[in-house]
Every structure is written in C-alpha cells, then in structure tokens.
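# Commentary on secondary and tertiary structure
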Amino acid sequence: MNLRNLSLAFGSLAVCASLAISQEAKPTAAILAGKMIDVRTGNVSSHRYIVLAGDRVLSIGDNAPAGVPVTDLSAYTVLPGLIDAHGHTLSNPTSQSVGVGLRTSAPQATLWGVYNLRLWLDHGFTAVRDACEGPADYPQFALRESVNRGLIQGPRITAAGSCISITGGHGDGTPFSPDMNLPPRVNVADTVDDVARVVRRDIKFGADWIKLMATGGVMDPISDYHVQELSEEQMAKAVEVAHRAGKKVMAHAEGTVGIKAAVRAGVDSIEHGTMLDEEGATMMEQRGTWLVPTLYCFQHDMETGLSKGRDPDSFAKGQEILAAQGPAFKLALKHHLKIAYGVDDDDVDESVSREFGALVAGGMTTLGALQAATINGATLLGKENQFGSIEPGHYADLIAVTGDPLKDISVMYHVDFVMKGGQIIKDPAHPDRNPVPHIH
C-alpha cells in the first residue's frame, strides 16, 4: 500500500470511529460557543452547540439536544485545548541556581510536577510533551500514569525519558570541580553503544519519546551551544533503536552544525533550532523535520536576569544567542517548516501563554500560532485523531477566551474556561472552582 492509500485508510478509520460514536453514544452535556474557531482552516462560526458524550465530542450543531445541561459560553470564543510540546514537568519556578538540583529530592521534584501540571491546565493546556528530566527513576512517567488514572489533575502527558548527553555536555548535570569525583549519571553516553543502552533503558521504563542533546546549551554553565556534542553516528543509532520500538526522537539543537547533524541522523523534531541556517532549513523542509522553537523562553530569561540565582556564565550565553533567534525563525517560516508550540520555561505560570506573542512577533500569523499550539502539536505527537481540534470523536478538550485571538493574539494570555475530557476545570461562572496557588 502506498503512502497516499495508507493516509486515506487512516482517514476512513477516523471517520468510521466518529460515526460509531455518533450512532451509539448518548449526549450528556453541551457547550454553547458564542464563536468557535476551526483551527484547521481558520473559519469562525457563531452560536454553535458542541454536544458531548462523556469525555468526547459527539456533534457540533445549531441546537442542543433536549434535557442535557448546557454551559453557556455565548460571550466567549471557544478553541480546542492547547498543547505545549516542550515542557519540563519537574521544574522549580522559584530558582535557576545550578545547585537547586542537589537540594531537591526526587519526591520534592515530583510534587513540583504536580503543581506545574495544575498551572498548565489553568492556562488552557490540556496536553504537554515532557522534554526529558534529570532524575534516574523517571518521576515524569509517574506523573503521566497518575494523570491517566485520575489520581491527580493535569494535562495529557507524552513523556521523554532521560536527557541523553555526552560527558560534560548540556545534559551532564554535574558541573562541579573534578575533585568531587561523582559517578556518571545513567543518561550520559560517550559512544554509539552507550547511546543504544540509554535509549533502551528509557524505553524499558516507559518513554514515549527519546531526547538527545545534539549541541551544548544555554542554561548550564559548562557547555558551548555552538558545539555539536552527540555525534551523528550516536544520534543515528538512537533514531534506529527508537523507531524500531515505535518511539520518536527529539533533539535539543542550538548550534548550526549540530542542528544539521541531528536532521541527517533522522530525528523527528528539532528543539530550539536557534542558529538555524539556510542549508539546515532546507534540509528540514525536505525531510519533514518538525521545529519547536521555544522563542519566549530565551526572551523571558533576559527579563528575569540573575534574580533567581542563575549562573552569570549561563546568562551571558543567553544574551549572546538571543540575537540569532529572530533570523533563524524567519528562515523556518520562509521554508514552511512544520512548527509546534513549546515553552521550555521553568516558570509555567509566567511563560506558558506568552509563546503566542513571541511567535507572532517573530513573523507567524495569528492563525499559525494557534495551529502551532493545537492541531500541529497534536500531529507532532501522533494524536491528531484524538485532540488538537474540535471534531466529533475527539476528546472534549475545550477552552474559551474573551475576544478574538485571530485579531489580537494577546487574548490567549488569559484563558477563562478550561475543559479536559468533558470535565470542567476552570469556569468563569464559578471562579472558586479548582483554585490554583501562584508561587513565585
């Protein structure tokens, strides 16, 4: 079967699934949307009833079935739940100190994760891709399973495993003096065989994605973001092992050389891509490699400066690399790269919605920014038939905002209503529902 026929087959299956839901399920509730945005097309419809059957969208029409409760959002614009494709669930928003990890136990980091998940939901993000964590026992997987089982509230989590790094690389995690002689972390891989071992370990314990450190980074004080770290052979081996197991691979890649090496190695997404050049953009366009640009994270770092204990060497790198961000993103748009919304900021509360403004300021259309955080993010995760747009058969993941984000993207900075899987999380009619503390 060729790719076109395969695509048609999957499309038919999705339609059949929707029809099956329509024929068998009974309506349980309805949402009255004053305006509803179709993120696939940008079309806006008015006074639409989104009829639910449990945790799914049953139908969209001009009327609600008799006898079902209706949530009146006639004063709002309704969109699908948002997707952050580059988050770190265990982040501590109060500190950027290198030493904070030494003082934070895995249980405490996990509790920070519980808090962060509530913040994502509060800002309308009903799905998040965790882009790797440091602890060797994978608290992000525990959070994912706890959300799935209903033990805690949070967005749907797709999780990478460890931050696979060379010794002394961006994911090394031990930027200390040589006399400390600490044992190497389980995510450190200096050979092709090492990479295969770490990838298999991540998959063994539940990774949905594999995360590679293709280049140095900005936040740590020891690596050089210009420098390629994992070799192309190492990254190709990671892709081989992961794809054979049905998993995808993302690569942290800042510097130009490392970006292109990761693309040649076959990774599925480039994270940041801050020094993308013409050749690299052409390669990504030809190969269909995704970009998750995380623009606002770097901009926000310049605002917070050293106030949260950030290492001065790290801050200096941030100042330097910011100049490359704008031209690289314009190249991505010129080459029509597939772009998904990702934030990569420790302070979810301050930053998670601000990427919208950064994308538009960088040259993306308002519709493009909304697509990056909805249908594009879902497609990157392979979940476009489950969420990312408001369609029959999809999860009832819905948000509502005041105003028109297609005219003013800053409308997205405050989400008034949030529903995940048919469950109301945040409701302007009941402001005391699920209050979330805001810690800074």
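Residues numbered from 1 in each chain as written. Predicted model: local features only at pLDDT ≥ 70, side-chain atom pairs only at ≥ 80, totals over all residues. Heavy atoms only, no water.

### Looking at the overall build of the chain
Across its full length, the chain carries 13 helices and 14 strands. The C-alpha radius of gyration of the chain comes to 21 Å, within 12% of the 22 Å expected for a compact globule of 440 residues. C-alpha atoms of the chain, sized along the principal axes, occupy 75 × 55 × 40 Å. Counting across all 440 residues of the chain, residues that qualify as buried make up 54%. Within the structure as shown, the chain displays about 17900 Å² of accessible surface, and the carbon and sulfur contribution to it stands at 54%. Taken as two groups, the 37 positive and 51 negative side-chain charges of the chain have centres that lie 6 Å from each other. (Helix = DSSP H or I, 4+ residues; strand = E, 2+ residues; numbered from the N terminus. Rg over C-alpha atoms; globule rule 2.2 N^0.38 Å. Buried < 20%, exposed > 50% of the residue type's maximum accessible area, 1.4 Å probe, protein only. Areas by Shrake-Rupley, 256 points an atom, 1.4 Å probe, with all protein chains shown as cover. Lys, Arg positive; Asp, Glu negative; His and termini not counted. Charge placed at Lys NZ, Arg CZ, Asp CG, Glu CD.)

### A look at helix α5 (residues 232–244)
Here α5 is 13 residues long and its end C-alpha atoms lie 18 Å apart, about the 18 Å a rise of 1.5 Å per residue gives. Once α5 ends, the next one or two residues include G246, with phi positive near 80 degrees. (Expected span 1.5 Å × (residues − 1).)

### Some points on empty space enclosed by the protein
A complete count under the given rule lists 2 cavities of 30 Å³ or more for this structure. A volume near 60 Å³ is recorded for the largest cavity. If you trace the largest cavity, you find it lined by H272, G273, T274, L291, P293, L295, F298, Q325, A328, F329 and A332. Contributing elements (two or more residues each) for the lining of the largest cavity: α8 (295–304) and α9 (312–334). It is α9 that provides the largest number of residues to the lining of the largest cavity, a total of 4 residues. Of the residues belonging to the lining of the largest cavity, the class tally is 7 nonpolar, 4 polar and no charged. Taken together, P93, Q96, H300, D301, T304, K308, D345, D346 and D347 make up the lining of the second largest cavity. For the lining of the second largest cavity, the per-class residue count stands at 1 nonpolar, 3 polar and 5 charged. (1 Å grid on protein atoms, 1.4 Å probe; cavity = no way out; pocket = protein on both sides within 12 Å on 5 of 7 lines; lining within 4 Å. Points joined across faces, edges and corners; volume = space filled by probe spheres on them. Nonpolar A, V, L, I, M, F, W, Y, C, P; charged D, E, K, R; others polar.)

### What to know about α9
The α-helix advances 3.6 residues per turn, and as a result positions three or four apart in sequence lie on the same side. Here α9 spans 35 Å end to end across 23 residues, near enough to the 33 Å set by a 1.5 Å rise per residue. Along its length, α9 shows its largest kink, about 30 degrees, at I321. Looking at α9, one finds that the buried residues are S314, F315, K317, G318, I321, Q325, A328, F329, L331 and A332. On its buried side, α9 packs onto α7 (278–287), β11 (290–292), α8 and α11 (355–361). A positive phi of about 55 degrees marks H336, the residue just after α9. (Bend = angle between axes of the 7 residues up to and from the residue. Contact = heavy atoms within 4.5 Å.)

### As for the packing of aromatic side chains
Counted by the stated rule, this structure contains 5 aromatic pairs. For the pair Y341 and F356, a centre-to-centre distance of 4.5 Å together with 50 degrees between the ring planes defines the contact as tilted. With Y341 in the loop between α9 and α10 (348–351) and F356 in helix α11, this pair connects stretches of sequence that are 15 residues apart. As far as burial versus exposure is concerned, Y341 and F356 are alike and both buried. Of the aromatic side chains, those joined through ring pairs into one cluster are F125, Y341 and F356. Taking the ring centre of Y395 as reference, the NZ or CZ of R156 above it sits at 3.7 Å. (Phe/Tyr/Trp six-rings, centres within 6.5 Å; stacked < 30°, edge-to-face > 60°. Lys NZ or Arg CZ within 6 Å of the ring centre and 35° of its normal.)

### Structural notes on the environment of D416
Note on placement: D416 falls in the loop between β12 (398–401) and β13 (417–420). Sequence spacing of D416 and T77 is 339 residues, and the spatial spacing of their C-alpha atoms is 9.8 Å. What D416 contacts, discounting residues up to four positions off in sequence, is Y76, A400, V401, T402, K426, D427 and P428. One polar contact links D416 to T402, side chain to side chain, over a distance of 3.0 Å. Looking at D416, its side chain comes within polar contact range of the side chain of H414, at 3.3 Å. (Polar contact = N/O pair within 3.5 Å; in protein donor to acceptor, adjacent residues only side chain to side chain.)

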